[in-house]
Amino acid sequence: MTQFQLVMENIFDKYKIEEELLKKGFNKFEINMSNHILIFEENINPNIITNLIYNIGYKCDFIENKIELTDEEITLMDDAIRNGYKII
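To start, this report covers the structure provided alongside it. (Residues numbered from 1 in each chain as written. Predicted model: local features only at pLDDT ≥ 70, side-chain atom pairs only at ≥ 80, totals over all residues. Heavy atoms only, no water.)

1. Looking at the environment of I49
As for its position among the elements, I49 is in helix α2 (residues 46–55). With relative accessibility at 0%, the residue I49 sits in the buried group. Residues in contact with I49, not counting those within four places in the same chain, are F4, L21, F26, L38, F40, I44 and C60. (Helix = DSSP H or I, 4+ residues; strand = E, 2+ residues; numbered from the N terminus. Buried < 20%, exposed > 50% of the residue type's maximum accessible area, 1.4 Å probe, protein only. Contact = heavy atoms within 4.5 Å.)

2. Focus on the packing of aromatic side chains
Tallying each qualifying case throughout the model produces 4 aromatic pairs. Geometrically, the ring pair formed by F26 and F40 is edge-to-face, given 5.8 Å between the ring centres and 70° between the ring planes. In this pair, F26 is assigned in the loop between α1 (11–23) and β2 (29–32) and F40 in strand β3 (residues 37–40), connecting sequence segments 14 residues apart. Using a relative accessible area of 17% as the deciding quantity, one classes F26 as buried. Arranged with centres 5.8 Å apart and planes meeting at 45°, the rings of F29 and F40 form a pair that is tilted. Taken together, the residues span a long stretch of sequence, with F29 in strand β2 and F40 in strand β3 at a distance of 11 residues. Of the residues examined, F40 reaches a relative accessible area of 1% and is grouped as buried. Ring pairs connect the aromatic residues F4, F26, F29, F40 and F62, which therefore count as one cluster. (Phe/Tyr/Trp six-rings, centres within 6.5 Å; stacked < 30°, edge-to-face > 60°.)

3. Some points on the pattern of salt bridges
Using the criterion set out here, one finds 5 salt bridges in the structure. The residue E20 makes a salt bridge to K24 at a minimum N-O spacing of 4.0 Å. Residue classification places E20 among the buried positions, given a relative accessible area of 13%. Several salt bridges share partner residues, and in doing so they unite E20, K23 and K24 into one network. (Salt bridge = Lys/Arg side-chain N within 4 Å of Asp/Glu carboxyl O.)

This is the structure in structure tokens:
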């Protein structure tokens, strides 16, 4: 999944962005109007989308995926660090 924070003001902006994405062959996406997040179901090159949105007069920022660890994983990492292992 690939996400972008859009800078837009109203529903007209949403439709203009959707129209351009569809015209360029993207079809597995949605725009959440409550938080202005553009979400693609698949991994997309962020530069392509950022440039496409910019070229029609809008701005968007790529939202990097955050990795969330379980409590068990955090404990294992803490133990590894205490035992001298480097976490890359």
